[in-house]
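# Reading the structure
In case you want the letters, here they are:
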Amino acid sequence: MARFPFFQRVSAAPTTPKPAPIARNFDIAELYDGPLAAAEAPAEAGVRLDEKLRQAYFWIVNTAIISPHYDIEYDDGPAPQYQVGDSRRLLTLPSAQSYSSYVLLPLLAFATRSKCLFVGGPGRGKTASAILMGVLAGSPVRDVRRAMQHGHPQMTIADLLGNPLPADLVSAQSVDAIRIAWRPWLGMRVKIVDEYNRIPTRTQSALLTVMGDNYAEVLGQIYECPTAAWYLTANDDAGGGTYQVIEALRDRIDVVVQALSFNPRFLDELILRIEENVRPEEVVPREILFDAGEVDQLVAAVRAMPLSPDVRYRIEFFASQFELMEPAGATFEYMSKDTARLSGVDWTQVTAADGGRDRLKDIGTQTLNGLSVRNLMTLVGFSKAMAFFRGADAVGLEDVRQVLPFVLRDKLHPDRDAPFFGLPENAAYRTDAVAWLRHLFDLSCEEYDRLDLDRNDPVRDLAQQFAAGLDGLGEREVRARLTRIERLIEERVSGRKLYGPLYDELLHLKYLHQRYTNYLAWLGSGR
(Lines give C-alpha, C1' and ligand atoms only; values in the text may rest on other atoms or scores of the structure.)
Protein backbone atom coordinates (compact mmCIF):
# COMPACT_ATOMS: atom_id res chain seq x y z
CA MET A 1 0.00 0.00 0.00
CA ALA A 2 2.21 2.76 -1.28
CA ARG A 3 -0.21 5.53 -0.43
CA PHE A 4 -0.78 4.49 3.19
CA PRO A 5 1.17 7.45 4.59
CA PHE A 6 -1.52 9.76 3.20
CA PHE A 7 -4.12 8.14 5.46
CA GLN A 8 -1.94 8.52 8.55
CA ARG A 9 -0.98 12.13 8.08
CA VAL A 10 -1.82 14.23 11.18
CA SER A 11 -2.23 18.02 11.09
CA ALA A 12 0.80 19.84 12.47
CA ALA A 13 0.42 21.63 15.78
CA PRO A 14 -0.81 24.20 16.54
CA THR A 15 -4.08 23.70 14.67
CA THR A 16 -5.56 26.92 16.08
CA PRO A 17 -3.79 30.28 16.12
CA LYS A 18 -4.65 31.09 19.75
CA PRO A 19 -3.97 28.07 21.94
CA ALA A 20 -5.18 28.53 25.52
CA PRO A 21 -2.90 27.56 28.41
CA ILE A 22 -3.91 24.59 30.49
CA ALA A 23 -3.93 25.12 34.23
CA ARG A 24 -1.63 22.82 36.19
CA ASN A 25 -2.91 20.94 39.22
CA PHE A 26 -1.34 22.13 42.47
CA ASP A 27 1.18 19.74 43.98
CA ILE A 28 2.03 20.22 47.66
CA ALA A 29 5.60 19.08 46.92
CA GLU A 30 6.13 22.36 45.07
CA LEU A 31 6.12 24.15 48.44
CA TYR A 32 9.43 22.47 49.23
CA ASP A 33 10.94 23.01 45.78
CA GLY A 34 10.89 26.79 46.03
CA PRO A 35 10.14 29.36 43.31
CA LEU A 36 13.33 28.70 41.34
CA ALA A 37 12.50 25.04 40.77
CA ALA A 38 8.98 25.94 39.71
CA ALA A 39 10.26 28.49 37.23
CA GLU A 40 12.76 26.06 35.74
CA ALA A 41 10.29 23.18 35.48
CA PRO A 42 10.29 21.90 31.91
CA ALA A 43 7.15 22.02 29.80
CA GLU A 44 5.03 18.93 29.73
CA ALA A 45 6.15 16.47 27.12
CA GLY A 46 3.93 15.75 24.15
CA VAL A 47 0.95 17.55 22.69
CA ARG A 48 -1.57 19.25 24.96
CA LEU A 49 -4.92 17.55 25.24
CA ASP A 50 -6.93 20.28 23.52
CA GLU A 51 -4.43 20.28 20.67
CA LYS A 52 -4.55 16.49 20.45
CA LEU A 53 -8.34 16.62 20.32
CA ARG A 54 -8.18 19.10 17.45
CA GLN A 55 -5.65 16.94 15.62
CA ALA A 56 -8.04 13.99 16.00
CA TYR A 57 -10.85 16.10 14.58
CA PHE A 58 -8.89 17.28 11.57
CA TRP A 59 -7.60 13.78 10.80
CA ILE A 60 -11.15 12.39 10.90
CA VAL A 61 -12.74 15.20 8.87
CA ASN A 62 -9.93 15.44 6.30
CA THR A 63 -9.06 11.77 5.95
CA ALA A 64 -11.41 9.29 7.60
CA ILE A 65 -14.98 10.59 7.27
CA ILE A 66 -15.83 12.44 4.08
CA SER A 67 -18.00 15.21 5.55
CA PRO A 68 -17.49 18.55 3.79
CA HIS A 69 -20.43 20.09 5.65
CA TYR A 70 -19.23 22.99 7.81
CA ASP A 71 -22.50 23.66 9.60
CA ILE A 72 -20.96 24.85 12.90
CA GLU A 73 -19.94 28.34 11.85
CA TYR A 74 -17.75 30.87 13.68
CA ASP A 75 -16.82 34.35 12.52
CA ASP A 76 -14.16 36.84 13.57
CA GLY A 77 -15.17 39.50 11.07
CA PRO A 78 -17.44 40.05 8.07
CA ALA A 79 -18.48 36.82 6.36
CA PRO A 80 -19.59 36.72 2.70
CA GLN A 81 -23.22 35.63 2.27
CA TYR A 82 -25.14 34.62 -0.84
CA GLN A 83 -28.88 34.14 -1.33
CA VAL A 84 -29.54 30.93 -3.24
CA GLY A 85 -32.58 29.48 -5.00
CA ASP A 86 -36.24 30.42 -4.94
CA SER A 87 -36.23 30.24 -1.14
CA ARG A 88 -33.33 32.74 -0.98
CA ARG A 89 -31.52 30.59 1.59
CA LEU A 90 -28.25 32.04 2.84
CA LEU A 91 -24.95 30.39 1.93
CA THR A 92 -22.38 31.77 4.38
CA LEU A 93 -18.60 31.55 4.08
CA PRO A 94 -17.42 31.68 7.72
CA SER A 95 -14.53 34.02 8.46
CA ALA A 96 -13.14 31.89 11.32
CA GLN A 97 -12.32 28.22 11.81
CA SER A 98 -15.60 26.29 11.49
CA TYR A 99 -16.50 22.64 11.84
CA SER A 100 -18.57 19.68 10.69
CA SER A 101 -21.13 18.72 13.35
CA TYR A 102 -21.13 15.11 12.18
CA VAL A 103 -17.47 14.77 13.20
CA LEU A 104 -17.12 17.32 16.00
CA LEU A 105 -20.15 16.49 18.18
CA PRO A 106 -19.24 12.78 18.53
CA LEU A 107 -15.71 13.88 19.42
CA LEU A 108 -17.07 16.22 22.11
CA ALA A 109 -19.15 13.31 23.41
CA PHE A 110 -15.88 11.37 23.65
CA ALA A 111 -14.29 14.23 25.60
CA THR A 112 -17.20 14.41 28.05
CA ARG A 113 -18.02 10.68 28.23
CA SER A 114 -21.52 11.42 27.00
CA LYS A 115 -24.08 9.53 24.95
CA CYS A 116 -24.32 10.35 21.25
CA LEU A 117 -26.97 9.17 18.79
CA PHE A 118 -26.17 9.04 15.06
CA VAL A 119 -29.27 9.32 12.85
CA GLY A 120 -29.58 9.11 9.09
CA GLY A 121 -30.30 6.76 6.23
CA PRO A 122 -28.49 3.45 5.68
CA GLY A 123 -24.95 3.60 4.34
CA ARG A 124 -24.20 7.14 5.59
CA GLY A 125 -21.26 6.08 7.79
CA LYS A 126 -22.95 6.11 11.20
CA THR A 127 -21.47 2.80 12.32
CA ALA A 128 -18.04 3.61 10.88
CA SER A 129 -17.98 6.89 12.80
CA ALA A 130 -18.87 5.12 16.04
CA ILE A 131 -16.10 2.56 15.49
CA LEU A 132 -13.60 5.39 14.99
CA MET A 133 -14.51 6.75 18.42
CA GLY A 134 -13.81 3.35 19.94
CA VAL A 135 -10.42 3.17 18.25
CA LEU A 136 -9.54 6.67 19.51
CA ALA A 137 -9.92 5.29 23.05
CA GLY A 138 -6.99 2.98 22.36
CA SER A 139 -8.88 -0.27 21.70
CA PRO A 140 -7.85 -2.44 18.73
CA VAL A 141 -10.31 -2.11 15.89
CA ARG A 142 -10.95 -5.87 16.07
CA ASP A 143 -12.07 -5.59 19.70
CA VAL A 144 -14.25 -2.57 18.95
CA ARG A 145 -16.08 -4.40 16.17
CA ARG A 146 -16.60 -7.52 18.27
CA ALA A 147 -17.83 -5.52 21.25
CA MET A 148 -20.37 -3.56 19.20
CA GLN A 149 -23.95 -4.56 19.99
CA HIS A 150 -26.23 -5.01 16.98
CA GLY A 151 -29.89 -4.44 17.76
CA HIS A 152 -32.33 -7.03 16.40
CA PRO A 153 -35.90 -8.08 17.23
CA GLN A 154 -34.84 -11.33 18.96
CA MET A 155 -32.23 -9.73 21.21
CA THR A 156 -32.61 -10.95 24.80
CA ILE A 157 -31.22 -9.61 28.05
CA ALA A 158 -28.79 -12.55 28.07
CA ASP A 159 -27.62 -11.58 24.56
CA LEU A 160 -26.98 -8.06 25.80
CA LEU A 161 -25.49 -8.67 29.24
CA GLY A 162 -24.38 -12.28 29.63
CA ASN A 163 -25.42 -15.83 30.55
CA PRO A 164 -25.27 -17.80 33.79
CA LEU A 165 -22.72 -20.61 33.71
CA PRO A 166 -24.53 -23.90 32.96
CA ALA A 167 -22.60 -25.84 35.62
CA ASP A 168 -23.66 -23.32 38.28
CA LEU A 169 -27.31 -23.58 37.24
CA VAL A 170 -27.17 -27.30 37.99
CA SER A 171 -25.06 -27.35 41.14
CA ALA A 172 -25.70 -24.00 42.86
CA GLN A 173 -27.53 -24.14 46.18
CA SER A 174 -28.59 -20.48 45.95
CA VAL A 175 -28.93 -17.76 43.35
CA ASP A 176 -25.94 -15.96 44.86
CA ALA A 177 -23.73 -18.91 43.94
CA ILE A 178 -24.52 -18.65 40.23
CA ARG A 179 -21.71 -17.05 38.27
CA ILE A 180 -22.37 -14.99 35.15
CA ALA A 181 -20.34 -14.97 31.94
CA TRP A 182 -20.57 -11.23 31.33
CA ARG A 183 -20.33 -9.83 27.82
CA PRO A 184 -16.91 -8.23 27.22
CA TRP A 185 -18.43 -5.03 25.83
CA LEU A 186 -19.60 -4.03 29.30
CA GLY A 187 -15.99 -3.26 30.25
CA MET A 188 -15.24 -1.05 27.23
CA ARG A 189 -14.53 2.67 27.66
CA VAL A 190 -16.46 3.35 24.44
CA LYS A 191 -19.71 1.42 24.05
CA ILE A 192 -21.48 1.12 20.70
CA VAL A 193 -25.07 -0.02 20.08
CA ASP A 194 -25.94 -0.29 16.41
CA GLU A 195 -29.62 0.17 15.43
CA TYR A 196 -30.75 0.50 19.01
CA ASN A 197 -34.34 1.04 17.90
CA ARG A 198 -34.57 -2.60 16.82
CA ILE A 199 -34.06 -3.90 20.37
CA PRO A 200 -37.14 -5.36 22.12
CA THR A 201 -38.71 -3.23 24.85
CA ARG A 202 -37.74 -5.53 27.74
CA THR A 203 -34.12 -5.60 26.60
CA GLN A 204 -34.20 -1.82 26.22
CA SER A 205 -34.93 -1.59 29.95
CA ALA A 206 -31.77 -3.57 30.70
CA LEU A 207 -29.82 -1.31 28.34
CA LEU A 208 -31.25 1.71 30.18
CA THR A 209 -29.82 0.45 33.47
CA VAL A 210 -26.34 0.11 31.96
CA MET A 211 -26.51 3.52 30.28
CA GLY A 212 -28.00 5.38 33.22
CA ASP A 213 -26.45 3.68 36.25
CA ASN A 214 -23.29 2.00 34.92
CA TYR A 215 -24.10 -1.49 36.12
CA ALA A 216 -25.60 -4.66 34.71
CA GLU A 217 -27.66 -7.19 36.64
CA VAL A 218 -28.44 -10.82 35.84
CA LEU A 219 -29.96 -13.19 38.42
CA GLY A 220 -29.04 -10.80 41.21
CA GLN A 221 -25.37 -10.69 40.19
CA ILE A 222 -23.96 -7.20 39.57
CA TYR A 223 -21.30 -6.11 37.09
CA GLU A 224 -19.97 -2.58 37.68
CA CYS A 225 -19.25 -0.94 34.33
CA PRO A 226 -16.59 1.75 33.85
CA THR A 227 -17.74 5.23 32.93
CA ALA A 228 -17.82 5.35 29.15
CA ALA A 229 -18.74 7.34 26.10
CA TRP A 230 -21.74 5.84 24.30
CA TYR A 231 -22.54 5.82 20.58
CA LEU A 232 -25.87 4.60 19.27
CA THR A 233 -27.19 4.53 15.72
CA ALA A 234 -30.69 4.64 14.24
CA ASN A 235 -32.18 5.31 10.84
CA ASP A 236 -34.41 8.01 12.34
CA ASP A 237 -34.58 10.08 15.53
CA ALA A 238 -38.33 9.89 16.10
CA GLY A 239 -38.08 6.79 18.29
CA GLY A 240 -39.42 4.51 15.57
CA GLY A 241 -38.00 1.25 14.28
CA THR A 242 -38.84 -2.38 14.84
CA TYR A 243 -39.66 -1.39 18.43
CA GLN A 244 -40.62 2.01 19.76
CA VAL A 245 -37.79 3.34 21.92
CA ILE A 246 -38.90 3.82 25.51
CA GLU A 247 -38.98 7.45 26.63
CA ALA A 248 -36.54 6.98 29.51
CA LEU A 249 -33.91 5.50 27.17
CA ARG A 250 -34.27 8.34 24.66
CA ASP A 251 -33.94 10.84 27.49
CA ARG A 252 -30.54 9.39 28.44
CA ILE A 253 -29.12 10.36 25.05
CA ASP A 254 -27.16 13.60 25.36
CA VAL A 255 -26.66 14.70 21.77
CA VAL A 256 -28.17 13.78 18.39
CA VAL A 257 -26.11 14.11 15.19
CA GLN A 258 -27.47 13.72 11.69
CA ALA A 259 -25.42 11.98 9.00
CA LEU A 260 -25.70 14.34 6.05
CA SER A 261 -25.75 13.19 2.45
CA PHE A 262 -22.58 12.32 0.53
CA ASN A 263 -21.31 14.96 -1.88
CA PRO A 264 -20.39 13.13 -5.13
CA ARG A 265 -17.74 15.78 -5.82
CA PHE A 266 -15.61 13.74 -3.41
CA LEU A 267 -16.03 10.43 -5.23
CA ASP A 268 -12.30 10.32 -5.97
CA GLU A 269 -11.61 9.76 -2.26
CA LEU A 270 -13.88 6.70 -2.24
CA ILE A 271 -12.14 5.36 -5.33
CA LEU A 272 -8.77 5.79 -3.62
CA ARG A 273 -9.95 3.73 -0.65
CA ILE A 274 -11.13 0.96 -2.96
CA GLU A 275 -7.87 0.90 -4.88
CA GLU A 276 -5.71 0.95 -1.75
CA ASN A 277 -8.02 -1.42 0.15
CA VAL A 278 -8.01 0.94 3.14
CA ARG A 279 -10.51 1.30 5.95
CA PRO A 280 -9.85 4.48 7.96
CA GLU A 281 -10.58 2.83 11.31
CA GLU A 282 -7.71 0.39 10.63
CA VAL A 283 -5.09 3.09 10.03
CA VAL A 284 -5.77 5.60 12.81
CA PRO A 285 -2.45 7.35 13.63
CA ARG A 286 -0.97 6.57 17.02
CA GLU A 287 -0.51 10.29 17.70
CA ILE A 288 -4.26 10.84 18.16
CA LEU A 289 -5.03 7.81 20.36
CA PHE A 290 -6.04 8.55 23.96
CA ASP A 291 -5.20 6.22 26.82
CA ALA A 292 -7.41 5.91 29.91
CA GLY A 293 -5.41 8.46 31.89
CA GLU A 294 -5.59 11.02 29.10
CA VAL A 295 -9.35 10.59 28.81
CA ASP A 296 -9.68 11.17 32.57
CA GLN A 297 -7.61 14.35 32.25
CA LEU A 298 -9.64 15.40 29.20
CA VAL A 299 -12.95 15.06 31.06
CA ALA A 300 -11.59 17.00 34.06
CA ALA A 301 -10.19 19.78 31.85
CA VAL A 302 -13.51 20.20 30.06
CA ARG A 303 -15.41 20.43 33.35
CA ALA A 304 -12.98 23.08 34.59
CA MET A 305 -13.68 25.45 31.67
CA PRO A 306 -15.07 28.71 33.09
CA LEU A 307 -18.59 29.84 32.14
CA SER A 308 -19.11 33.53 32.83
CA PRO A 309 -22.23 34.89 34.55
CA ASP A 310 -23.09 36.89 31.40
CA VAL A 311 -23.40 33.67 29.39
CA ARG A 312 -25.23 31.89 32.22
CA TYR A 313 -27.84 34.66 32.43
CA ARG A 314 -28.74 34.16 28.77
CA ILE A 315 -29.01 30.40 29.20
CA GLU A 316 -31.31 30.98 32.18
CA PHE A 317 -33.46 33.41 30.18
CA PHE A 318 -33.71 30.96 27.28
CA ALA A 319 -34.66 28.03 29.52
CA SER A 320 -37.36 30.07 31.26
CA GLN A 321 -39.30 30.56 28.03
CA PHE A 322 -40.83 27.13 27.64
CA GLU A 323 -42.37 25.58 30.76
CA LEU A 324 -45.22 27.98 31.45
CA MET A 325 -48.73 26.84 30.54
CA GLU A 326 -51.07 29.18 32.37
CA PRO A 327 -54.36 27.29 31.84
CA ALA A 328 -52.83 23.99 33.09
CA GLY A 329 -52.84 24.81 36.80
CA ALA A 330 -55.07 26.48 39.36
CA THR A 331 -52.09 26.58 41.75
CA PHE A 332 -49.41 29.05 40.68
CA GLU A 333 -46.57 26.53 40.95
CA TYR A 334 -48.43 24.01 38.78
CA MET A 335 -49.01 26.23 35.75
CA SER A 336 -46.68 24.20 33.56
CA LYS A 337 -46.68 22.08 30.43
CA ASP A 338 -45.64 19.11 32.53
CA THR A 339 -48.86 19.45 34.54
CA ALA A 340 -50.84 19.41 31.29
CA ARG A 341 -48.96 16.37 30.02
CA LEU A 342 -49.43 14.38 33.24
CA SER A 343 -53.15 15.17 33.31
CA GLY A 344 -53.83 13.28 30.09
CA VAL A 345 -56.06 16.09 28.79
CA ASP A 346 -55.87 16.63 25.03
CA TRP A 347 -53.15 19.15 24.22
CA THR A 348 -55.29 21.16 21.80
CA GLN A 349 -57.91 21.69 24.52
CA VAL A 350 -55.28 23.08 26.88
CA THR A 351 -53.73 25.42 24.30
CA ALA A 352 -57.17 26.63 23.18
CA ALA A 353 -57.70 28.05 26.68
CA ASP A 354 -54.35 29.87 26.55
CA GLY A 355 -55.65 33.07 25.02
CA GLY A 356 -53.98 35.73 27.13
CA ARG A 357 -50.56 35.86 25.46
CA ASP A 358 -49.40 36.80 21.99
CA ARG A 359 -48.88 33.27 20.67
CA LEU A 360 -46.82 34.53 17.75
CA LYS A 361 -44.51 36.67 19.85
CA ASP A 362 -44.09 34.19 22.72
CA ILE A 363 -41.46 31.61 21.68
CA GLY A 364 -42.66 29.34 24.48
CA THR A 365 -45.77 28.52 22.44
CA GLN A 366 -43.59 26.83 19.81
CA THR A 367 -42.84 23.82 22.03
CA LEU A 368 -44.79 21.00 23.66
CA ASN A 369 -42.54 20.85 26.71
CA GLY A 370 -39.89 22.63 28.77
CA LEU A 371 -36.31 21.75 29.62
CA SER A 372 -35.29 19.29 32.31
CA VAL A 373 -32.36 19.52 34.70
CA ARG A 374 -30.57 16.83 32.68
CA ASN A 375 -31.02 18.85 29.48
CA LEU A 376 -29.49 21.97 31.03
CA MET A 377 -26.57 20.08 32.55
CA THR A 378 -25.84 18.48 29.17
CA LEU A 379 -26.04 21.86 27.42
CA VAL A 380 -23.53 23.36 29.85
CA GLY A 381 -21.24 20.33 29.54
CA PHE A 382 -21.13 20.43 25.74
CA SER A 383 -20.69 24.21 25.73
CA LYS A 384 -17.64 23.75 27.94
CA ALA A 385 -16.37 21.00 25.64
CA MET A 386 -16.77 23.22 22.59
CA ALA A 387 -14.85 26.06 24.22
CA PHE A 388 -12.11 23.66 25.34
CA PHE A 389 -11.85 22.18 21.86
CA ARG A 390 -11.48 25.64 20.30
CA GLY A 391 -8.73 26.59 22.75
CA ALA A 392 -10.77 29.40 24.28
CA ASP A 393 -10.18 30.81 27.74
CA ALA A 394 -13.86 30.50 28.72
CA VAL A 395 -17.23 29.47 27.30
CA GLY A 396 -18.59 32.08 24.90
CA LEU A 397 -22.18 32.73 23.89
CA GLU A 398 -21.44 31.42 20.39
CA ASP A 399 -20.26 28.11 21.87
CA VAL A 400 -23.66 27.71 23.53
CA ARG A 401 -25.46 28.72 20.34
CA GLN A 402 -23.61 26.17 18.24
CA VAL A 403 -24.06 23.10 20.45
CA LEU A 404 -27.61 23.87 21.65
CA PRO A 405 -29.49 22.46 18.61
CA PHE A 406 -27.72 19.11 18.83
CA VAL A 407 -28.27 18.78 22.58
CA LEU A 408 -31.96 19.75 22.45
CA ARG A 409 -32.91 18.14 19.13
CA ASP A 410 -34.71 15.22 20.75
CA LYS A 411 -35.54 17.07 23.98
CA LEU A 412 -37.41 20.25 23.06
CA HIS A 413 -40.34 19.09 20.94
CA PRO A 414 -41.99 21.53 18.50
CA ASP A 415 -45.73 22.22 18.53
CA ARG A 416 -46.22 22.32 14.78
CA ASP A 417 -49.76 23.64 15.24
CA ALA A 418 -48.35 26.82 16.81
CA PRO A 419 -48.93 30.06 14.82
CA PHE A 420 -45.17 30.44 14.27
CA PHE A 421 -45.03 27.36 12.03
CA GLY A 422 -48.05 28.55 10.06
CA LEU A 423 -46.18 31.49 8.57
CA PRO A 424 -44.87 30.76 5.04
CA GLU A 425 -41.37 32.07 5.86
CA ASN A 426 -41.12 29.59 8.75
CA ALA A 427 -42.20 26.47 6.83
CA ALA A 428 -38.64 25.07 6.67
CA TYR A 429 -38.43 25.06 10.49
CA ARG A 430 -41.02 22.27 10.53
CA THR A 431 -38.42 19.85 9.15
CA ASP A 432 -35.06 21.47 10.01
CA ALA A 433 -34.84 20.96 13.77
CA VAL A 434 -31.28 22.29 14.02
CA ALA A 435 -32.13 25.60 12.35
CA TRP A 436 -35.34 25.94 14.39
CA LEU A 437 -33.61 25.44 17.74
CA ARG A 438 -30.83 27.85 16.84
CA HIS A 439 -33.46 30.38 15.73
CA LEU A 440 -35.23 29.96 19.08
CA PHE A 441 -32.03 30.80 20.92
CA ASP A 442 -31.44 33.83 18.69
CA LEU A 443 -34.96 35.12 19.38
CA SER A 444 -34.43 34.64 23.11
CA CYS A 445 -31.15 36.59 23.02
CA GLU A 446 -32.81 39.39 21.06
CA GLU A 447 -35.52 39.68 23.71
CA TYR A 448 -32.88 39.60 26.45
CA ASP A 449 -31.10 42.51 24.77
CA ARG A 450 -34.35 44.41 24.28
CA LEU A 451 -35.10 44.17 28.00
CA ASP A 452 -31.51 45.30 28.75
CA LEU A 453 -31.20 42.59 31.38
CA ASP A 454 -27.42 42.78 31.45
CA ARG A 455 -27.68 46.17 33.13
CA ASN A 456 -31.16 46.19 34.65
CA ASP A 457 -32.33 43.04 36.43
CA PRO A 458 -33.64 43.85 39.93
CA VAL A 459 -34.53 40.21 40.61
CA ARG A 460 -30.91 39.23 40.01
CA ASP A 461 -29.78 42.05 42.31
CA LEU A 462 -32.00 40.72 45.11
CA ALA A 463 -30.74 37.19 44.54
CA GLN A 464 -27.11 38.33 44.71
CA GLN A 465 -27.86 40.24 47.90
CA PHE A 466 -29.31 37.08 49.43
CA ALA A 467 -26.36 34.97 48.23
CA ALA A 468 -24.01 37.19 50.22
CA GLY A 469 -25.32 35.44 53.34
CA LEU A 470 -27.55 36.07 56.34
CA ASP A 471 -24.94 36.05 59.10
CA GLY A 472 -25.30 39.12 61.32
CA LEU A 473 -28.44 40.34 59.52
CA GLY A 474 -30.83 42.09 61.91
CA GLU A 475 -34.62 42.02 62.01
CA ARG A 476 -34.97 45.55 60.67
CA GLU A 477 -32.92 44.81 57.54
CA VAL A 478 -34.77 41.53 56.95
CA ARG A 479 -38.12 43.30 57.06
CA ALA A 480 -36.83 45.96 54.69
CA ARG A 481 -35.77 43.29 52.19
CA LEU A 482 -39.16 41.57 52.49
CA THR A 483 -40.82 44.87 51.69
CA ARG A 484 -38.60 45.37 48.62
CA ILE A 485 -39.53 41.91 47.35
CA GLU A 486 -43.24 42.55 47.81
CA ARG A 487 -43.03 45.91 46.03
CA LEU A 488 -41.12 44.38 43.13
CA ILE A 489 -43.73 41.65 42.74
CA GLU A 490 -46.44 44.34 42.69
CA GLU A 491 -44.56 46.20 39.95
CA ARG A 492 -44.02 43.04 37.94
CA VAL A 493 -47.63 41.83 37.90
CA SER A 494 -49.34 45.20 37.46
CA GLY A 495 -51.07 45.23 34.07
CA ARG A 496 -48.72 42.70 32.45
CA LYS A 497 -49.36 39.45 30.62
CA LEU A 498 -47.69 36.40 32.09
CA TYR A 499 -44.81 35.01 30.03
CA GLY A 500 -42.28 32.32 30.89
CA PRO A 501 -39.43 34.57 32.13
CA LEU A 502 -41.81 36.59 34.32
CA TYR A 503 -43.28 33.38 35.73
CA ASP A 504 -39.84 32.16 36.80
CA GLU A 505 -38.98 35.59 38.21
CA LEU A 506 -42.07 35.53 40.40
CA LEU A 507 -41.27 32.02 41.63
CA HIS A 508 -37.72 33.18 42.41
CA LEU A 509 -39.03 36.17 44.34
CA LYS A 510 -41.38 33.94 46.30
CA TYR A 511 -38.41 31.70 47.12
CA LEU A 512 -36.40 34.66 48.42
CA HIS A 513 -39.39 35.92 50.40
CA GLN A 514 -39.82 32.52 52.04
CA ARG A 515 -36.13 32.25 52.94
CA TYR A 516 -36.20 35.65 54.62
CA THR A 517 -39.48 34.78 56.35
CA ASN A 518 -37.96 31.59 57.74
CA TYR A 519 -34.88 33.52 58.89
CA LEU A 520 -37.10 36.12 60.57
CA ALA A 521 -38.93 33.37 62.44
CA TRP A 522 -35.58 31.96 63.52
CA LEU A 523 -34.54 35.36 64.83
CA GLY A 524 -37.80 35.68 66.74
CA SER A 525 -37.25 32.36 68.46
CA GLY A 526 -34.35 33.92 70.37
CA ARG A 527 -31.66 31.62 68.99
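Our structure's up above, just so we're on the same page.
Below is a summary of the structure that appears in this document. (Residues numbered from 1 in each chain as written. Predicted model: local features only at pLDDT ≥ 70, side-chain atom pairs only at ≥ 80, totals over all residues. Heavy atoms only, no water.)

Taken together, the side chains of Tyr82, Val84, Leu91 and Leu93 make up a nonpolar region of the molecular surface, amounting to roughly 360 Å² of accessible area. If you trace the backbone, Val84 turns up in strand β1 (residues 81-84). (Patch = residues over 30% accessible without salt bridge, like charges linked within 9 Å, V, L, I, M, F, W, Y side chains within 5 Å. Areas by Shrake-Rupley, 256 points an atom, 1.4 Å probe, with all protein chains shown as cover. Salt bridge = Lys/Arg side-chain N within 4 Å of Asp/Glu carboxyl O. Helix = DSSP H or I, 4+ residues; strand = E, 2+ residues; numbered from the N terminus.)

Glancing now at the pairing of strand β3 (residues 115-119). Consecutive residues of a regular strand have side chains that alternate between opposite faces of the sheet. Most of β3 sits out of view: 5 of its 5 residues are buried. Residues Lys115, Leu117 and Val119 line one face of β3 and the alternating positions Cys116 and Phe118 line the opposite face, and both faces are buried. Both β3 and strand β10 (residues 229-234) contribute to a ladder of 5 bridges, which runs parallel. Looking across to β10, one finds that Cys116 is bridged to Tyr231. Where β3 and strand β11 (residues 255-258) come together, 4 bridges link them in parallel fashion. Across the sheet, Cys116 pairs through a bridge with Val255, a residue of β11. (Buried < 20%, exposed > 50% of the residue type's maximum accessible area, 1.4 Å probe, protein only. Pairing = 2+ DSSP bridges.)

Turning to the side chain of Arg460, a few remarks are in order. By the element assignment, Arg460 lies in helix α20 (residues 458-467). Its relative accessible area of 14% is what places Arg460 among the buried residues. Excluding residues that lie within four positions of it along the chain, Arg460 makes contacts with Tyr313, Tyr448, Leu453 and Asp454. (Contact = heavy atoms within 4.5 Å.)

Bringing the environment of Leu443 into the picture now. With respect to the secondary-structure elements, Leu443 resides in helix α19 (residues 433-450). Take Leu443: its relative accessible area is 23%, and that puts it in the partly exposed class. Filtering out sequence-adjacent residues up to four positions away, Leu443 remains in contact with Ile363 and Gln366.

Relative to the helices and strands, Asp168 resides in helix α8 (residues 166-171). Given a relative accessible area of 7%, Asp168 falls into the buried group. Beyond its immediate chain neighbours, meaning those up to four positions away, Asp168 contacts Ala177, Ile178 and Arg179.

Moving on to the packing of aromatic side chains. This model, assessed by the stated rule, comprises 20 aromatic pairs. Ring geometry for Tyr57 and Phe389: centres 5.6 Å apart, planes at 80°, overall edge-to-face. Here Tyr57 is found in helix α3 (residues 49-64), whereas its partner Phe389 is found in helix α16 (residues 373-390), with 332 residues between them in sequence. In this pair, the class of Tyr57 matches that of Phe389, namely buried. Ring centres of Phe466 and Tyr511 lie 6.3 Å apart, and the angle between their planes is 80°; this geometry places the pair in the edge-to-face category. On the criterion of sequence distance, the pair formed by Phe466 in helix α20 and Tyr511 in helix α22 (residues 500-524) is long-range, its members being 45 residues apart. Phe466 sits in the buried class, given a relative accessible area of 12%. A relative accessible area of 40% places Tyr511 in the partly exposed class. Grouping aromatic residues by their ring pairs yields a cluster made of Tyr57, Phe58, Tyr74, Tyr99 and Phe389. (Phe/Tyr/Trp six-rings, centres within 6.5 Å; stacked < 30°, edge-to-face > 60°.)

What follows is about the sheet that holds β10. Spatially, the 5 strands line up as an open sheet ordered β4-β7-β10-β3-β11, and their pairing is parallel. Two strands bound the open sheet, and with one partner strand each, they are β4 (149-150) and β11.

Moving on, we get to the packing of helix α17 (residues 397-408) against α19. Where α17 meets α19, the closest approach of the two axes is 8 Å, and the angle between their N-to-C directions is 140°. Taken as axis vectors, α17 and α19 run oblique relative to one another. Pair α17 / α19 crosses with right-handed handedness. The segment α17 lies against α19, with Leu397, Val400, Arg401, Gln402, Leu404, Pro405, Phe406 and Leu408 engaging Val434, Leu437, Arg438, Phe441, Asp442 and Cys445. Looking at the contact of α17 with α19 residue by residue, the classes come out as 10 nonpolar, 1 polar and 3 charged. (Axes fitted to C-alpha atoms, helices over the stretch in contact; angles between N-to-C directions. Parallel < 35°, antiparallel > 145°, perpendicular 65-115°, else oblique. Left-handed = near helix turned anticlockwise from the far one by under 90°. Nonpolar A, V, L, I, M, F, W, Y, C, P; charged D, E, K, R; others polar.)

For side chains bearing opposite charge, pairing can occur when the charged atoms are close. Enumeration according to the criterion identifies 27 salt bridges in this entry. One salt bridge connects Arg401 with Glu398, and the closest N-O pair in it is separated by 3.1 Å. On the criterion of helical spacing, the pair formed by Arg401 and Glu398 is a turn pair, its members being 3 residues apart in helix α17. Glu477 serves as the salt-bridge partner of Arg484, at 3.3 Å between the closest nitrogen and oxygen. For Arg484, a relative accessible area of 35% corresponds to the partly exposed category. The partly exposed category is assigned to Glu477, whose relative accessible area is 30%.

In short, geometric facts, not functional conclusions.
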